[in-house]
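Chain by chain, the residues:
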Amino acid sequence: MANVSPTRGDMSTHPDVSEMQARYARMLGGRDVALVDGPVFLLGLYCAVSPWILHYTAGQPALATHNLIVGIAIGLLGLGFTAAPARMYGLSWAMCAAGIWMIIAPWVVGDSPDAGVAVNNIIIGALALILGLMCTATAAKSTPRP
């Protein structure tokens, strides 16, 4: 008859415990930015479609194209953080740069934007800057120092 007692044995005596710990560490090693990758992707998606949501494609065609391109870039960063987070740590500062650029873009790219367009880009830029700072801080914390 099999021993079905509710007590469990100690895993420290398992012959493969060091290999299991190393595999677990490898699996979770690059997922420090997992909290940020979803919101980054959604922010990029909103940035890309915001000219059509707020209906300023006819009045600000250059800014509409700009937001589409920058939104796609931000969304691709979010997908990169999901697919290969360890490789994307080096680009986490790009979110900060994209956020700052989105804040000033209505006056650089646009042609005398109205308040709604400017506030939209300022909010997108501020969120991108905050998420970029979170990602950069997480990357700096998890990168091993020599």
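As a reminder, the structure under discussion sits directly above these lines.
Residues numbered from 1 in each chain as written. Predicted model: local features only at pLDDT ≥ 70, side-chain atom pairs only at ≥ 80, totals over all residues. Heavy atoms only, no water.

1. Here we look at the overall build of the protein
Keep this limit in mind: Only DSSP runs of H or I covering at least 4 residues are called helices, and only runs of E covering at least 2 are called strands; the numbering of each starts at the N terminus. For each residue, the accessible area found with a 1.4 Å probe, counting protein chains only, is set against the maximum for its type, and the residue is called buried under 20%, exposed over 50%, and partly exposed in between. For the accessible areas, the method is Shrake-Rupley and the probe is 1.4 Å, while residue cover comes only from the protein chains on display.
Regarding its fold elements, the protein presents six helices and zero strands. In the protein, the succession of helices and strands from N to C terminus is α-α-α-α-α-α. Buried residues in the protein amount to 35% of all 146 residues. Total accessible area computed for the protein in this model is approximately 9,100 Å², and 70% of it derives from carbon and sulfur atoms.

2. Considering the side chain of Ser50
Cut-off, in case you're wondering: We call two residues in contact when some of their heavy atoms are within 4.5 Å.
Within the secondary structure, Ser50 sits in helix α2 (residues 34-53). In this structure Ser50 comes out as buried when scored by relative accessible area, which is 0%. Contact partners of Ser50, with chain neighbours within four places excluded, come to His55, Tyr56, Asn67, Asn120 and Ile124.

3. A word on the nonpolar core
Filter applied, for reference: Only buried residues count toward a nonpolar core, which is a set of Ala, Val, Leu, Ile, Met, Phe, Trp, Tyr and Cys residues joined through side-chain atoms within 4.5 Å.
In this structure, Val40, Ile74, Leu77, Phe81, Met95 and Leu131 are the most contacted members of the largest nonpolar core, which totals 17 residues. Every element with two or more residues in this core is listed here: α2, α3 (61-83), α5 (92-108) and α6 (115-142). Ignoring any residue separated from it by four or fewer positions in sequence, one finds Met95 in contact with Val40, Ile74, Leu77, Phe81, Ala128, Leu129, Leu131 and Gly132.

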